[in-house]
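Geometric and topological summary
Given next are the chains, with one letter for each unit.
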Protein chains: 2
Amino acid sequence: MSNADEQTGPAVTGSVAHRVPDLGALELLLAVARLGSLGGAARELGITQPAASSRIRSMERQLGVALVDRSPRGSRLTDAGALVTDWARRIVEAAEAFDVGAQALRDRRDSRLRVAASMTIAEYLLPGWLLALRAQRPDTAVSLHAGNSAAVAERLLSDEADLGFVEGLSVPAGLDSAVIAHDRLIVVTAPGHAWARRRRSLAAEELASTPLILREKGSGTRQVLDAALGGLARPLIELSSTTAVKAAVVSGAGPAVLSELAVGEELAMRRLVSVPVEGVALARDLRAVWPTGHRPTGPARDLLSLTRG
Amino acid sequence: MSNADEQTGPAVTGSVAHRVPDLGALELLLAVARLGSLGGAARELGITQPAASSRIRSMERQLGVALVDRSPRGSRLTDAGALVTDWARRIVEAAEAFDVGAQALRDRRDSRLRVAASMTIAEYLLPGWLLALRAQRPDTAVSLHAGNSAAVAERLLSDEADLGFVEGLSVPAGLDSAVIAHDRLIVVTAPGHAWARRRRSLAAEELASTPLILREKGSGTRQVLDAALGGLARPLIELSSTTAVKAAVVSGAGPAVLSELAVGEELAMRRLVSVPVEGVALARDLRAVWPTGHRPTGPARDLLSLTRG
DNA sequence: GTTGCTCATAAACCCAGCTTATGCCGCCAT
DNA sequence: ATGGCGGCATAAGCTGGGTTTATGAGCAAC
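Residues numbered from 1 in each chain as written. Chains lettered and ligands numbered in written order. Predicted model: local features only at pLDDT ≥ 70, side-chain atom pairs only at ≥ 80, totals over all residues. Heavy atoms only, no water.

An unreviewed UniProt entry annotates chain A as LysR family transcriptional regulator of Streptomyces sp. SID7499.

In structure tokens form, the structure reads like this:
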């Protein structure tokens, strides 16, 4: 009760935006870490040195932690500052992916490369590819449309797109394709779930007989799973987005089957655990596609070669 | 030459912060997506409806994309809006991890749980654990210090910390421990590297005879690698941070050996590719540690149980 | 000493985002 | 039909955080 300025919600709940420095400040911090000087970082970002100084200072005040050791001949990160900078880098990287994706979403007539992609690929893979493409060919303007396989095929065939990406079992008619990667559906649980401690693989029938958290019928993921199990997947709940499914699994509601792409980050952070399965064909190809005979050239070729390495 | 406001750098280079909506706007967008109404989202975030309306509108103007379909009885995301929202969610999640980590870094005397952790664990794993802990026990104040194994041990033994986390081959004297996860060093290359296409495992001597991008001698990762290879690791370059090593590998400079934790996200996004190796012991345990005899209780026990699931 | 780098402080300015106050539209229950 | 309610948009006015310019002070190398 010593604090009076708290009327809504319990404890520290509330928008995180007021507790996290804005992107400009985080970017500035990364520049300071890299260049070893406030003024240098300021120059790189096109602001003046006092602006940088004040911004770092207000960030330290906001966080309640000293981030940089200033000296008359440069600035170095404190130990806490190094850790904060690492966490900040993840935010900025996510922002870069957002940026390059959002730029591609904007309909521009001058696009030199028009891409059509399935939702999953557009969401998880494409931003990384576009960043790599921008690094190689900085002035390639890209436009992006996301949709299901049929929509991708339609855009390609009506010459509204130069290159497409689809995931799934079959290639739409009229298109040539190249496999660029493999995706697997994997069984995931919260780290606390009994399956998380298994050492032996799960048998197919065990998976089929256990109620799972699933996407609604008709979703791509659900189709592949049902096909692999023979139409038997038993729902514990059905949810309408991959995000909702992930949240339910993390909260311990039960196991789910999701694309490796969708849960890669959660697995890396150990928020989810993957359970080995045997005897079920849960692999599917990710393919680049283009109209039959029209081999990608120019920017499309550049992007294609990036996706395959 | 049609643009006059361009004096430094080529093309669209420059701080991403001006091209990406700020965290508050992204959080608002997520709330709109979840609640299906601008006003509802505004209420949840504690602002007025016109503020939300104006903010979404200016975000749409900034991105040049319509995000929300407004109707007199609610708002739904457009297709592009759904994609943008997915990308935005990654930024906000990174910001939440930043927030919970930064709060723990602040030295607070009233902390009910004092944690000491190695850098790698503090950077990659701890924010997730702290978020889970906050979800379970919202009013547990946590403080965090990061350092090497010896520093962690010292803080525990001098009763400046209640629970520690270390990675490495041995447990410091005077501490009890529990293995909470396993980490492996893995060989990674850019997707374009020759090794990325290998199907057969790499032999130990092949790894030892190839120049690698390495952390400097004395780093934990380097020690484990040298031990596993018998002190033979041959440097192509030596860099002083994991981040720098990753950047070098992504840019195609050569292969490196890094902790699975450090590259998990890059692998998921296919920015890096892992190369299987055989005959080399690159595994190490991640351990929770505490002073011998003093089994963790209270908040420390809560956190410990989260880390093991 | 002088030059050149570093960072800090102070004062003035500007704009993004906020609130309050209003209006319009469509649905639903009376 | 006719309120009433919930949803969104517009307009006007305020505030504060981040910016710039201008200046000062510490330390190093010449």
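Further notes follow.
Quick notes on the overall build of chain A
Rule in force here: A run of H or I in DSSP becomes a helix once it reaches four residues, and a run of E becomes a strand once it reaches two; helices and strands are each numbered from the N terminus. Exposure classes here rest on a 1.4 Å probe applied to the protein chains alone. A residue is buried below 20% of its type maximum, exposed above 50%, and partly exposed in between. Any two residues whose heavy atoms approach within 4.5 Å are treated as being in contact. All accessible-area figures derive from a Shrake-Rupley calculation using a 1.4 Å probe, and residue coverage is judged against the displayed protein chains alone. Residues scored as positive are Lys and Arg, those scored as negative are Asp and Glu, and His as well as the terminal groups of each chain are ignored. A charged residue contributes its charge at one atom only: NZ of Lys, CZ of Arg, CG of Asp or CD of Glu.
Summing up its helical and strand segments, chain A has twelve helices and 13 strands in all. Along the first, second and third principal axes, the C-alpha set of chain A runs to 70 × 55 × 35 Å. Taken across its 309 residues, chain A has 49% of its residues classed as buried. For chain A, restricting intrachain contacts to residue pairs at least 6 apart in sequence, the fraction spanning at least 24 positions comes to 71%. Taken as a whole, chain A presents about 14,400 Å² of accessible surface, with 49% of it coming from carbon and sulfur. Side-chain charges of chain A comprise 36 positive and 34 negative groups, with the mean position of each set lying 4 Å from the other.

What about the protein's contact with DNA strand C?
To be explicit about the condition: If even one non-hydrogen atom of a residue comes within 4 Å of a molecule or strand, that residue is called near it. Each polar contact in these results corresponds to two N or O atoms within 3.5 Å; when the atoms are within protein, one needs to be able to donate a hydrogen and the other to accept it, and residues that are neighboring in sequence are counted only if both atoms are side-chain atoms.
As a matter of local geometry, DNA strand C sits amid 22 residues, with L38, S53, R57 and R70 of chain A together with T48 of chain B nearest to it. Between DNA strand C and the protein, one listed contact pairs a base nitrogen with a side-chain N or O atom of Q49 of chain A at 3.1 Å. Side-chain polar atom of T48 of chain B to a phosphate oxygen of DNA strand C: 2.8 Å apart, as the coordinates give it. When contributions to the surface near DNA strand C are tallied by element, the ones reaching two or more residues are α2 (38-45), α3 (49-63), β1 (68-71) and β2 (74-77) of chain A together with α3 (49-63) of chain B.

Quick notes on the domain arrangement of chain A
All names here are of chain A. Note the threshold: Boundaries between domains were set according to an automatic or database domain assignment. Reported buried area values correspond to the accessible surface (1.4 Å probe) lost by two parts on association, with both partners' losses combined. A pairing counts as a salt bridge when a side-chain nitrogen of Lys or Arg comes within 4 Å of a carboxyl oxygen of Asp or Glu. When residues are grouped by polarity, Ala, Val, Leu, Ile, Met, Phe, Trp, Tyr, Cys and Pro land in nonpolar, Asp, Glu, Lys and Arg in charged, and all others, Gly among them, in polar.
Here the domain parsing of chain A yields domain 1 (3-108) and domain 2 (114-305). Its C-alpha centre places domain 1 at a distance of 33 Å from the equivalent point of domain 2. Taken together, the contact between domain 1 and domain 2 spans eleven residues of the former and ten residues of the latter. With both chains or domains summed, domain 1 and domain 2 bury close to 870 Å², and 57% of this area falls on carbon and sulfur atoms. If you sort the residues of domain 1 by the area they bury against domain 2, V100, A104 and R108 come out on top, with a joint share of 48%. For the interface between domain 1 and domain 2, the tally reads one salt bridge. Between R134 and D99 there is a salt bridge, with its nearest N and O atoms 3.5 Å apart. Linking domain 1 with domain 2 are two residue pairs in polar contact (both at pLDDT 80 or more). Taken together, the residues of the side of domain 1 that touches domain 2 break down into four nonpolar, one polar and six charged.

Regarding the relation of the copies chain A and chain B
Our working definition: C-alpha atoms of residues with pLDDT of at least 70 in both copies form the basis for the least-squares superposition of the copies.
Take chain A, turn it by 180°, move it 0.0 Å along the axis, and it overlays chain B with an RMSD of 0.1 Å. The two molecules are tied by a two-fold rotation axis, judged by turn and shift. In this assembly the copies share their binding face: 98% of the residues contributing to the interface of chain A also contribute to that of chain B.

Considering the interface of chain A and chain B
Contact with chain A, which involves 59 residues of that partner, is made by 59 residues of chain B. Taking both partners together, chain A and chain B bury about 5,700 Å²; carbon and sulfur atoms supply 66% of that area. The largest contributions to the chain A side of the interface with chain B come from W87, F98 and R270 of chain A, which together make up 14% of the buried area. Summed over the shared surface of chain A and chain B, the number is four salt bridges. With a shortest N-O distance of 2.9 Å, E265 of chain A and R90 of chain B are connected by a salt bridge. Taken together, the links from chain A to chain B amount to 16 residue pairs in polar contact (both at pLDDT 80 or more). Ranked by the residues each element gives to the side of chain A that touches chain B, the list is headed by helix α4 (residues 79-105) of chain A, at 19 residues. Each residue belonging to the side of chain A that touches chain B can be placed in one class, and the counts come to 32 nonpolar, eleven polar and 16 charged.

Let's talk about the pairing of strand β3 (residues 113-117) of chain A
Residues and elements named next belong to chain A. Stated formally: Two strands qualify as a pair provided DSSP detects at least 2 bridges between them.
The buried fraction of β3 is high, at four of five residues. Here five bridges tie β3 to strand β4 (residues 142-146), and the two strands are oriented parallel to one another. Among the inter-strand pairings, A116 is bridged to a residue of β4, identified as H145. Where β3 meets strand β5 (residues 163-168), three bridges bridge the pair, whose relative direction is parallel. Across the sheet, the residue bridging to V115 is L163, located in β5.

Quick word on the packing of aromatic side chains
Residue and element names in this part refer to chain B. Threshold: Side-chain rings of Phe, Tyr and Trp (the six-membered ring for Trp) are treated as a pair once their centres are within 6.5 Å; stacked means planes under 30 degrees apart, edge-to-face means over 60, and tilted covers the remaining angles.
Under the counting rule described, the total for this entry stands at two aromatic pairs over all chains. Their ring planes at 45° and their centres at 4.9 Å tell us that W129 and F165 sit as a pair that is tilted. Of this pair, W129 sits in helix α6 (residues 126-136) while F165 sits in strand β5 (residues 163-168), and the two are 36 residues apart along the sequence. Judged by relative accessible area, W129 falls into the buried class, the value being 8%.

A short note on the nonpolar core
Which entries qualify depends on this criterion: The term nonpolar core refers to a set of buried residues drawn from Ala, Val, Leu, Ile, Met, Phe, Trp, Tyr and Cys, joined through side-chain atoms within 4.5 Å.
In this structure, F98 and F165 of chain A together with F98 and F165 of chain B are the most contacted members of the largest nonpolar core, which totals 123 residues. With 14 residues, helix α4 (residues 79-105) of chain B is the largest single contributor of residues to this core. Residues within four places of F98 of chain B in sequence aside, it is in contact with V20, P21, L26, L63, V84, W87, A88 and I91 of chain A.

Quick word on the pattern of salt bridges
All names here are of chain B. Evaluated as defined, the whole model comprises 38 salt bridges over all chains. A salt bridge links R70 to E60; the nearest nitrogen and oxygen atoms lie 2.8 Å apart. Here R70 is found in strand β1 (residues 68-71), whereas its partner E60 is found in helix α3, with ten residues between them in sequence. Since its relative accessible area comes to 11%, E60 is described here as buried. Residues E206 and R198 are paired through a salt bridge, measuring 3.3 Å at the closest nitrogen-oxygen approach. For E206, a relative accessible area of 30% puts it in the partly exposed group.

A look at helix α7 (residues 149-157) of chain B
Residue and element names in this part refer to chain B. Short version of the rule: In this context, the arc is that of the directions from the helix axis out to the C-beta atoms.
Of the positions making up α7, those classed as buried are V152, A153 and L156. Each buried residue of α7 lies within a common arc of 100° when the element is viewed along its axis, so the set occupies one face. For α7, the exposed residues set more than 90 degrees away from the buried face come down to A150 and E154. Against the buried residues of α7 lie β3 (113-117), β5, β6 (175-189) and β13 (283-291). Trailing α7 by a residue or two, D159 shows a phi angle of about 55°, which is positive.

Some points on the protein's contact with DNA strand D
Around DNA strand D lies a shell of 23 residues, among which T48 of chain A together with S53, R57, R70 and S75 of chain B are the nearest. By atom count, sugar and phosphate contribute 66% of the portion of DNA strand D lying within 4 Å of the protein. G39 of chain B has a polar backbone atom sitting 2.8 Å from a phosphate oxygen of DNA strand D. Between R57 of chain B and DNA strand D, the recorded distance is 2.8 Å, taken from a side-chain N or O atom to a phosphate oxygen. Among the elements that make up the surface near DNA strand D, the one with the highest residue count is α3 of chain A (five residues). A breakdown of the residues in the surface near DNA strand D according to their chemical character gives seven nonpolar, ten polar and six charged.

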